[in-house]
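Report on the structure
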Amino acid sequence: MAINRPKGTQDHLPDGSPKLSLDTRASAFAFVRETARRVLERAGAQFTDTPLFEEAELVQRGVGGSTDIVRKEMFTVYYFGDHGGFILRPEGTAGLVRSYLQNGLKQLPAPLKLWTHGPMFRAENVQKGRLRQFHQVDYEVLGSADALVDAEAIALMTEVVQALGVRKVKVKLGSIGDPEDREAYNAYLRELFTPHLEALSDDSKDRLGRNPMRILDSKSAQDQALIAELGVRPMLDFLGEGARTHFVQVRRHLDAWGVNYEVDPSIVRGLDYYRRTAWELHHEGVGAKSALGGGGRYDGLAQELGSKEPVPGIGWAFGIERLLLALEAEGVPLPASPGPLLYVAAMDEANVGYAATLARSVRALARAEFAYRAMKPAAAFRDAERRGARFVALIGSQEVEQDSLSLKDLQTGQQVQVPTRDLQGFLGGYLGANPLTPDAPSQPTQENL
Ligand code: AMP
């Protein structure tokens, strides 16, 4: 019997695959990563990477023992003779902050801006836009509590979205205050909900003891009905002086830069180490409950992970699949992945090697492919067209002897004669239209020069 991929996972496929959708198209993922890289690295962010599996305790402490992620959605990793104390990472922040602390990154100039991307794992109920292996782009800034850092982080998120071509995005901005503000808010919530204990879901009964703010985040319809009925006051009403001033400053910077947002008092991140600014990005095409991404300040996290000193931090994450659904909903055309600039085919077996050498000599410059066996001209043109090639060179003994190539431009149908030694120079003139691939950052393309 054939073996299929696990539920809630996707294969990322090459362009032209028969079962392709935008959120399984490998080149679409590359486009999102590349766009994010360009925006974030221009703002000074450096790429870093951490393992896909970490100590379970890192996630328990770093994401929070009262969250659904830790209570219900962790994938445990076992290997021979192991105690099962590892998990597949459900998000990127905890690992990055661990890495910052473990590797002494504090010595680098602060604020330190880091970014990463990769798969994340949560054993969720699978539905559209909700997978068990999904992919994120993450941005984290460590070492500064300045409101300007918060505003820049939010602005960068909107710039990534804009650079992708997605328009209908809303930034929902809130503040969850300082720990003492949250204590006051939790006390208020406890008092408010305790007389209605029976009307709460079982999960929320539990939350009432541990962390009442998380009730507001509940996905249960029963809880949401009670919240609406009680007319719960927002966290924003409970901000102390420091958090209120910080919130005003963040908003002032965003206003000055023309970043659109709406203040949403319902944004809650109920974990102890979250501080102040919290926000989400939503898109109407992805569904009201499903955010494109979200972020927040987490000044208490480093100490939660064992740092003696506090390290202020803030970060955000986009779901790449959700971004692709948004692109699809808006009908944004993705740049087609470029075919080879040159396709070379030999017309007789004796010249197959010559054709290969010629194609390989162009690869320092651009994508070039060759036929692995001799072909008749009609078959060679057909193959070149299927691969999306721009120029085709057919090699016979005459081309070899005369050191001259007849190139056919498949876009215009024109034929040009080019001396073999001028091939690179000739093709160089077409590079702008045929950058190597969208996923080749180390190779300068016209765009990022
Ligand atoms: P979170 O860490 O829960 O704030 O998630 C950040 C972003 O990752 C969300 O806004 C989504 O875009 C994406 N995301 C989270 N969970 C999933 C999932 N199960 N499937 C797909 N995308 C997800």
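Residue indices begin from 1 for each chain and proceed along its sequence in written order. Totals for whole chains, interfaces and linings use all residues, but because this is a predicted model, local features are given only for residues with pLDDT of at least 70 and pairs of side-chain atoms are given and counted only at 80 or more. Processing note: side-chain calculations cover all non-hydrogen atoms of the structure and skip hydrogens and water entirely.

Brief notes about the site of the ligand
The full set close to the ligand counts 14 residues, and R122, E124, L131, A291 and L292 are the nearest of them. Throughout this description, a polar contact denotes any pair of N or O atoms lying within 3.5 Å of each other; where both atoms belong to protein, one of them has to be capable of donating a hydrogen while the other can accept it, and for residues adjacent in sequence the pair is counted only when both atoms sit in side chains. Contacts to the ligand include E124, whose side-chain N or O atom sits 2.7 Å from a nitrogen atom. Within the side chain of Q136, a nitrogen or oxygen atom sits 3.0 Å from an oxygen atom of the ligand. For accessible areas, the Shrake-Rupley method is used with a probe of radius 1.4 Å. Any residue's cover is judged against the shown protein chains and nothing else. Within the complex, the protein chains bury 86% of what would otherwise be the 480 Å² of accessible surface of the ligand. Secondary-structure elements contributing two or more residues to the shell around the ligand are β6 (133–142), β10 (291–297) and β11 (313–319). Residue classes in the shell around the ligand are distributed as five nonpolar, four polar and five charged. Proximity is defined per residue: any heavy atom of the residue falling within 4 Å of a molecule or strand makes that residue near it. Secondary structure elements follow DSSP: runs of H or I no shorter than four residues count as helices, runs of E no shorter than two count as strands, and numbering proceeds from the N terminus. Each residue is assigned to one class: nonpolar for Ala, Val, Leu, Ile, Met, Phe, Trp, Tyr, Cys and Pro, charged for Asp, Glu, Lys and Arg, and polar for all the others, Gly among them.

Quick word on the sheet that holds β11
What the eight strands build is an open sheet, ordered β1-β5-β6-β11-β10-β9-β7-β8; its pairing is mixed. Whereas interior strands pair on both sides, the edge strands pair on one side only; in this sheet they are β1 (46–47) and β8 (262–263). What makes two residues a contact is simply this: any of their non-hydrogen atoms within 4.5 Å. Axis lines are fitted through C-alpha atoms, for helices just across the contact stretch, and the angle between N-to-C directions can take any value from 0 to 180 degrees. Together, β5 (112–121), β6, β7 (169–175), β9 (275–283), β10 and β11 form the strand contacts of helix α5 (residues 147–164), whose direction differs from that of β11 by roughly 15 degrees. Criterion used throughout: strands pair if DSSP finds at least two bridges between them.

With respect to the packing of α5 against helix α10 (residues 241–257)
At a minimum axis separation of 8 Å, α5 and α10 run at an interaxial angle of 45 degrees. Considering their axes alone, α5 and α10 lie oblique with respect to each other. Of the two elements, α5 crosses α10, and the hand of that crossing is right-handed. Only H246, Q249, V250, H253, L254 and W257 of α10 make contact with α5, whose side of the interface consists of A147, L148, D150, A151, E152, I154 and A155. Small angles under 35 degrees read as roughly parallel and large ones over 145 as roughly antiparallel, with 65 to 115 read as roughly perpendicular and the rest as oblique. Crossings are assigned a handedness: left-handed for a near helix turned anticlockwise from the far helix by less than a right angle, right-handed for a clockwise turn.

Quick look at the sheet that holds strand β16 (residues 415–419)
Sheet architecture is open: five strands sit in the order β13-β12-β14-β15-β16, paired in mixed fashion. Strands at the two margins of the open sheet, each flanked by one partner only, are β13 (368–370) and β16. Going across the sheet, the axis of each strand differs from the next one's by a mean of 25 degrees, ignoring polarity. Bridge count between strand β12 (residues 342–346) and β13: three bridges; the pairing is parallel. Of the residues in β13, the one forming a bridge with Y343 is E369. Lying over the sheet, helix α14 (residues 377–386) contacts β12, β14 (391–395) and β15 (404–409), oriented at roughly 150 degrees with respect to β14.

Concerning the environment of L431
Here L431 shows up in the segment after α16 (423–428). Apart from the residues lying within four places of it in its own chain, the contact partners of L431 are L341, L365 and A366.

What to know about the pairing of β16
Bridge count for β15 against β16 is five bridges, and the pairing is antiparallel. Paired with S406 across the bridge in β16 is Q417. Counted between consecutive antiparallel strands, the loop separating β15 from β16 contains five residues, among which G413 sits at a positive phi close to 80 degrees.

A few points about the packing of aromatic side chains
Note on aromatic pairs: the rings of Phe, Tyr and Trp (six-membered ring only in Trp) are paired at centre separations within 6.5 Å, and the planes decide the class, stacked below 30 degrees, edge-to-face beyond 60, tilted for the rest. The final tally for this structure, using the stated rule, is eleven aromatic pairs. When the ring of Y188 is compared with that of F238, the centres are 5.1 Å apart and the planes differ by 35 degrees; the resulting orientation is tilted. Note that Y188 is positioned in helix α6 (residues 179–193) and F238 in the loop between α9 (221–230) and α10, a separation of 50 residues in sequence. Note on classification: 1.4 Å probe, protein chains only; a residue is buried when its accessible area is under 20% of the maximum for its type, exposed when over 50%, partly exposed between these limits. F238 sits in the buried class, given a relative accessible area of 16%. Each ring, one from F426 and one from Y430, has its centre 5.4 Å from the other, and the planes form 45 degrees; the classification is tilted. An aromatic cluster is defined as three or more aromatic residues linked by ring pairs; in this entry it consists of Y139, W316 and F318. Criterion for a charge above a ring: Arg CZ or Lys NZ at most 6 Å from the ring centre, at most 35 degrees from the ring normal. Sitting over the face of the ring of Y188, R233 holds its NZ or CZ atom 5.6 Å from the ring centroid. Over the ring of F381 we find K408; its NZ or CZ atom is 4.9 Å from the centre of that ring.

Observations regarding the side chain of N351
Along the chain, N351 falls in the loop between β12 and α13 (352–362). With a relative accessible area of 10%, N351 lands in the buried category. In this structure the side chain of N351 is engaged in a polar contact, spanning 2.7 Å, whose partner is the side chain of D348. Setting aside its immediate chain neighbours within four residues, N351 contacts A346, I395, G396, S397 and V400.

So, the pattern of salt bridges
Here, a salt bridge means any Lys or Arg side-chain nitrogen found within 4 Å of an Asp or Glu carboxyl oxygen. Under the counting rule described, the total for this entry stands at 21 salt bridges. With a shortest N-O distance of 3.1 Å, R25 and D15 are connected by a salt bridge. With R25 in the segment before α1 (26–42) and D15 in the segment before α1, the pair connects residues that are ten residues apart, well separated along the chain. When the shortest N-O distance is used, the salt bridge between E152 and K113 registers 3.1 Å. With a gap of 39 residues between them, E152 in helix α5 and K113 in strand β5 connect regions that are remote in the sequence. What makes K113 buried here is its relative accessible area of 14%. Counted as one network, the salt bridges with shared partners bring together R367, E369, D383 and R387.

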